[in-house]
Amino acid sequence: MFYINYIMKKSAYQFEHFAYTITGDDRDIDERDNITSEIRAILQNTFEKVQRKKNGVIKELNELIEKYPDIAQFKNHLFVAYAQAGNMKMANQVNELTLKKNPDYLFAKLNLVGDYLAKKEYEKIPEVLGPSIEIKALYPHRNLFHLNEVASFYKIAIHYFLAIDNIEAAEARLKILEDLPRDLTTDVEDLAIRIMSAKMAKGFEKIQAQKDARPKLTITNLVVNPTEEPPVPHHLE
């Protein structure tokens, strides 16, 4: 468990201060989410089955959702199972039901944002993640977040900011990811490369725009009339 404290630039003249604690231990979050040790064991088991794409896991998860309707994590596992099977229609239907039953569940929000990114409906994303796109601003009453929550939030935030060509905001979120334990987060290097590529592309566009804005040199055709008179030199001494 560790503490994060940072200031995020909101605009040219405004800064917002965020401070909260991040944990990598599921048990620190379980009390908040009303997850008992028994349910945690079942969640771990279904998580591993989803990761291995085990046959029958979708049926098992539907049964567990009926048994534990308030535990959003089972619905999220079902979303992932359908998505891995290539059935995004069912995955999105499950996520829609999750948001109705558990409207504050972060991963259901992130799944919805992923759908908006795929559809290029970027204007809808701040409605889900909040206008500042900051996890603490989205959950101001929370002072403790799981590492997976923070990493997942800022990864998808970077994808959003790159999509709307806000490289500065993407770099700010990358800095947060880089401050997290590297062995517990993935894709940070790939995101850094994407941001660098976007910066280079924007730089090239700026150079090209400057070239296009330069005044064009116009050459007028000169007509020279032939003459038999010798040239008269003009040399100032």
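Residues numbered from 1 in each chain as written. Predicted model: local features only at pLDDT ≥ 70, side-chain atom pairs only at ≥ 80, totals over all residues. Heavy atoms only, no water.

1. Remarks on the overall build of the protein chain
Right, so step 1: Regarding its fold elements, the protein chain presents 11 helices and 3 strands.
Right, so step 2: The linear arrangement of helices and strands in the protein chain, starting from the amino end, is β-β-α-α-α-α-α-α-α-α-β-α-α-α.
Right, so step 3: Considering the protein chain as a whole, with its 237 residues, one finds that 35% of them fall into the buried category.
Right, so step 4: Relative to all contacts within the protein chain whose residues are 6 or more apart in sequence, the contacts with residues 24 or more apart total 53%.
Right, so step 5: When the accessible surface of the protein chain is summed, it comes to about 15,500 Å², and 54% of that surface belongs to carbon and sulfur atoms. (Helix = DSSP H or I, 4+ residues; strand = E, 2+ residues; numbered from the N terminus. Buried < 20%, exposed > 50% of the residue type's maximum accessible area, 1.4 Å probe, protein only. Contact = heavy atoms within 4.5 Å. Areas by Shrake-Rupley, 256 points an atom, 1.4 Å probe, with all protein chains shown as cover.)

2. With respect to the packing of aromatic side chains
Right, so step 1: Tallied over the full model, the rule gives 6 aromatic pairs.
Right, so step 2: Relative to F145, the ring of Y20 has its centre 5.1 Å away and its plane inclined at 70 degrees; by these criteria the two rings are edge-to-face. Taken together, the positions of Y20 in strand β2 (residues 15–23) and F145 in strand β3 (residues 144–146) put the pair 125 residues apart, joining distant regions of the chain.
Right, so step 3: Aromatic pair Y68 and F74: ring centres 5.6 Å apart, planes at 25 degrees, arrangement stacked.
Right, so step 4: Exposure remark for F74: the relative accessible area of 0% places this residue in the buried category.
Right, so step 5: Directly above the ring of Y139 sits R142, whose terminal nitrogen or CZ lies 4.0 Å from the centroid. (Phe/Tyr/Trp six-rings, centres within 6.5 Å; stacked < 30°, edge-to-face > 60°. Lys NZ or Arg CZ within 6 Å of the ring centre and 35° of its normal.)

3. What about the nonpolar core?
Right, so step 1: One finds L129, I135, V150, F153, Y154, I158 and L177 to be the most contacted residues of the largest nonpolar core, which totals 39 residues.
Right, so step 2: Elements represented by at least two residues in this core include exactly β2, α6 (106–119), α7 (125–129), α9 (147–163), α10 (167–179) and α11 (188–213).
Right, so step 3: Broken down by element, the residue count for this core peaks at 11 residues, all from α9.
Right, so step 4: The contacts of V150, once residues within four sequence positions are left out, are Y20, I22, I135, F145, L177 and L180. (Core = buried A, V, L, I, M, F, W, Y, C linked by side-chain atoms within 4.5 Å.)

4. Points about helix α4 (residues 72–84)
Right, so step 1: An ideal rise of 1.5 Å per residue puts 18 Å on 13 residues; α4 measures up with 19 Å between its terminal C-alpha atoms.
Right, so step 2: Burial within α4 is extensive, with 10 of its 13 residues counted as buried.
Right, so step 3: Looking at the buried side of α4, the elements it contacts are α2 (37–51), α3 (57–67), α5 (88–101) and α6.
Right, so step 4: G86 sits one or two residues past α4 and shows a positive phi near 80 degrees. (Expected span 1.5 Å × (residues − 1).)

5. Quick word on the side chain of N95
Right, so step 1: Tracing the chain through its elements places N95 in helix α5.
Right, so step 2: Ignoring anything within four residues of it in the chain, the contact list for N95 reads F79, F107, A108, N111 and L112.

6. Focus: the packing of α6 against α9
Right, so step 1: The interhelical angle for the contact between α6 and α9, taken along N-to-C directions, is 20 degrees, at an axis separation of 11 Å. With respect to each other, α6 and α9 are oriented roughly parallel. Viewed along their axes, α6 and α9 form a crossing whose handedness is left-handed. Contacts between α6 and α9 involve L106, F107, L110, V113, G114 and L117 from the first element and N148, E149, S152, F153, I156, H159, Y160 and A163 from the second.
Right, so step 2: Taken together, the residues of the contact of α6 with α9 sort by class into 9 nonpolar, 4 polar and 1 charged. (Axes fitted to C-alpha atoms, helices over the stretch in contact; angles between N-to-C directions. Parallel < 35°, antiparallel > 145°, perpendicular 65-115°, else oblique. Left-handed = near helix turned anticlockwise from the far one by under 90°. Nonpolar A, V, L, I, M, F, W, Y, C, P; charged D, E, K, R; others polar.)

7. Here's the deal with the confidence of the model for the protein chain
Right, so step 1: This prediction gives the protein chain a mean pLDDT of 86; 81% of its residues lie at or above 70.
Right, so step 2: Counting contacts from residues 9–17, a segment whose pLDDT is below 50, to residues more than four positions away or on other chains yields 14 contacts. (pLDDT = per-residue confidence, 0-100.)

8. A short note on the pattern of salt bridges
Right, so step 1: Under the definition given, this model contains 15 salt bridges.
Right, so step 2: The salt bridge involving R40 is made with D30; its shortest N-O contact spans 2.5 Å. Placement of R40 in helix α2 and of D30 in helix α1 (residues 26–30) is noted, with a sequence separation of 10 residues between them.
Right, so step 3: A relative accessible area of 21% means that R40 is categorised as partly exposed.
Right, so step 4: Each of D26, D30 and R40 takes part in salt bridges that share partners, so that together they form one network. (Salt bridge = Lys/Arg side-chain N within 4 Å of Asp/Glu carboxyl O.)

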